[in-house]
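Examination of the molecular architecture
The primary structure of each chain is shown beneath.
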Amino acid sequence: MNVQDALTKGIQILKAAHIEAPAVEAGVILCDVIGCDKSFLYVHGDAIVAREDAERYFDKIELRAKGMPVQYITGRQEFMSLGFTVGPKVLIPRQDTEILVEEVTRYSKGLKAGVRILDIGTGSGCIAVSLAYYIRDAFVVAVDISCEALEIAAHNARLSGVDSSISFIHSDLFGSLCAPAGDKELFDIIVSNPPYISLHEMKGLQAEVRDYEPASALYGGADGLDFYRKIITEACGFLKADGLLAFEVGYGQAEEVEKMMKNNYYDICIIKDLSGINRVVTGKARTN
Ligand code: GLN
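Residues numbered from 1 in each chain as written. Predicted model: local features only at pLDDT ≥ 70, side-chain atom pairs only at ≥ 80, totals over all residues.

The protein chain is annotated in an unreviewed UniProt entry as Release factor glutamine methyltransferase from Anaerobacterium chartisolvens. Quoted straight from UniProt, the Catalytic activity (unreviewed entry) entry for the protein chain says "L-glutaminyl-[peptide chain release factor] + S-adenosyl-L-methionine = N(5)-methyl-L-glutaminyl-[peptide chain release factor] + S-adenosyl-L-homocysteine + H(+)". Recorded in UniProt under Sequence similarities (unreviewed entry), the annotation for the protein chain is "Belongs to the protein N5-glutamine methyltransferase family. PrmC subfamily." (UniProt positions renumbered as here; feature names shortened; annotations may be inferred.)

In structure tokens form, the structure reads like this:
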């Protein structure tokens, strides 16, 4: 069987399973199996695919046909132009989250070098790793309640060569963090893309998300806002005066989160994503 035959058959299987972009995904899976880039497929349609490779390819095509996200099949996702390893224990990094990273990166430019950042619920580490990568001399603390997620995040930090700038801590939100002893231990920025899907929305999630991505990374309590409530209250004790709290929020949550922040934060900004949806909420900690 050659590359072209493998693609044609793979595309057929994915089409029959109503997968949205069958040609793209069959290509991604074939590249993953034979270890080549996309252009190879176009140029070498007649190259022979070894039998073992063809078997592995069709096994993976079957997984995709059943609905497993392609990122869990290949074990990879790009985020902020960096490569991340992903698996079913972590949320697949989303493009929308890049807005949060870009906003924090932009804000950090106005700060003195040695910016201290806390990332709550780091998952794959996509936020922590890209901030450590793009903000020079940043020091990032990344926490997660899942040890498996922390292992993947630490691996991703090594992949991007920023492991010496990030400290990974197993913690339920702020639970295992030491109370800051002085100004130097406070953070300039606390960032989080917490689980924010409400009970009602969990039922309507796309099957691919609901059946494959970790519920603990998605579910944010009855109204989806549980983690914002907790983080907003507790963050004050960990932020420097005028330090930034920056959240990703779900569809329709920005105003609610803004309201919750009003007492303890000022200069609250809501930033839209590429589809025009309010996606990021930031505010600066009030000093008394
Ligand atoms: N911080 C990770 C991300 O943005 C994980 C988020 C989560 O699991 N809710 O992808």
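**Section: the UniProt feature "binding site: S-adenosyl-L-methionine" (unreviewed entry) in the protein chain**
As recorded in UniProt, the sites labelled "binding site: S-adenosyl-L-methionine" (unreviewed entry) are G121, T122, G123, S124, G125, D144 and N193. What stands out for the annotated residues spanning 73 residues is how close their C-alpha atoms remain, the widest pair being 11.6 Å apart. Looking at where G125 falls in the secondary structure, it is placed in the loop between strand 3 (116-120) and helix 7 (126-134). By C-beta crowding, G125 is classed as buried, having 32 other C-beta atoms within 10 Å. With near-sequence residues (within four places) excluded, G125 lies in contact with A142, I152, A153, N156 and A157. As for its position among the elements, D144 is in strand 4 (residues 139-144). Judged by C-beta crowding, with 28 C-beta atoms within 10 Å, D144 ranks as buried. Sequence-distant contacts of D144, defined by excluding residues within four places in its chain, comprise G121, T122, G123, A149, L150 and A153. (Helix = DSSP H or I, 4+ residues; strand = E, 2+ residues; numbered from the N terminus. Buried ≥ 20, exposed ≤ 12 C-beta atoms within 10 Å, placed from the backbone. Contact = placed C-beta atoms within 7 Å.)

**Focus on the packing of helix 6 (residues 97-108) against helix 7**
The interhelical angle for the contact between helix 6 and helix 7, taken along N-to-C directions, is 35°, at an axis separation of 10 Å. Helix 7 is crossed by helix 6, and the crossing has right-handed handedness. Seen from helix 6, the contacting residues are T97, L100, V101, V104 and T105; seen from helix 7, they are C126, I127, S130, L131 and Y134. Across the contact of helix 6 with helix 7, the residue classes break down as seven nonpolar, three polar and no charged. (Axes fitted to C-alpha atoms, helices over the stretch in contact; angles between N-to-C directions. Left-handed = near helix turned anticlockwise from the far one by under 90°. Nonpolar A, V, L, I, M, F, W, Y, C, P; charged D, E, K, R; others polar.)

**What to know about helix 1 (residues 3-16)**
The periodicity of an α-helix, 3.6 residues per turn, causes residues three or four places apart in sequence to face the same way. Compared with the 20 Å implied by 1.5 Å per residue over 14 residues, the 20 Å span of helix 1 between its first and last C-alpha is a close match. Along helix 1, the residues classified as buried are V3, A6, L7, G10 and L14. One side of helix 1 holds all its buried residues, which, seen down the axis, span an arc of 95°. Downstream of helix 1 by a residue or two, H18 has a phi angle that is positive, lying close to 60°. (Expected span 1.5 Å × (residues − 1). Arc of directions from axis to C-beta.)

**Section: the site of the ligand**
Taken together, 13 residues are adjacent to the ligand, and L91, T97, G123, N193 and A217 come closest. Of the residues that constitute the shell around the ligand, the class distribution is seven nonpolar, six polar and no charged. (Near = placed C-beta within 6 Å.)

**Considering the UniProt feature "domain: Release factor glutamine methyltransferase N-terminal" (unreviewed entry) in the protein chain**
Mapped onto the present numbering, the UniProt feature "domain: Release factor glutamine methyltransferase N-terminal" (unreviewed entry) falls on residues 5-75. Between the end C-alpha atoms of residues 5-75 there is a gap of 24 Å, over a span that is 73% helix and 0% strand.

**Things to note about the domain arrangement of the protein chain**
When the domains of the protein chain are assigned, the result is domain 1 (3-66) and domain 2 (76-285). For domain 1 and domain 2, the distance between their C-alpha centroids amounts to 35 Å. (Domains from an automatic or database assignment.)

**Side note on helix 4 (residues 51-66)**
Between its first and last C-alpha atoms helix 4 spans 23 Å; for 16 residues at 1.5 Å apiece the expected length is 22 Å, and the two agree. Within helix 4, the full set of buried residues consists of A54, Y57, K60, I61 and R64. Buried residues of helix 4 fall within an arc of 130° about the axis and therefore sit on the same side. Among the exposed residues of helix 4, those pointing more than 90 degrees away from its buried face are R51, E52, E55, D59 and K66. Against the buried residues of helix 4 lie helix 1, helix 2 (22-34) and helix 5 (70-74). Two residues or fewer past helix 4, G67 is found with a positive phi of approximately 115°.

**Section: the environment of I268**
Mapped onto the elements of the fold, I268 is located in strand 8 (residues 265-272). Once the C-alpha coordinates of I268 and E258 are considered, the two residues, ten residues apart in sequence, prove to be 6.9 Å apart. Apart from the residues lying within four places of it in its own chain, the contact partners of I268 are E258, M261, V281 and G283.

**Quick look at the nonpolar core**
Core analysis: the largest hydrophobic core is formed by 63 residues, its most contacted members being L131 and I190. With seven residues, helix 7 is the largest single contributor of residues to this core. Once residues within four sequence positions are removed from consideration, I190 is found in contact with L118, I120, A235, F238, L239 and L245. With 16 residues, the next largest nonpolar core counts L30, V33, L41 and V49 among its residues. (Core = buried A, V, L, I, M, F, W, Y, C linked by C-beta atoms within 7 Å.)

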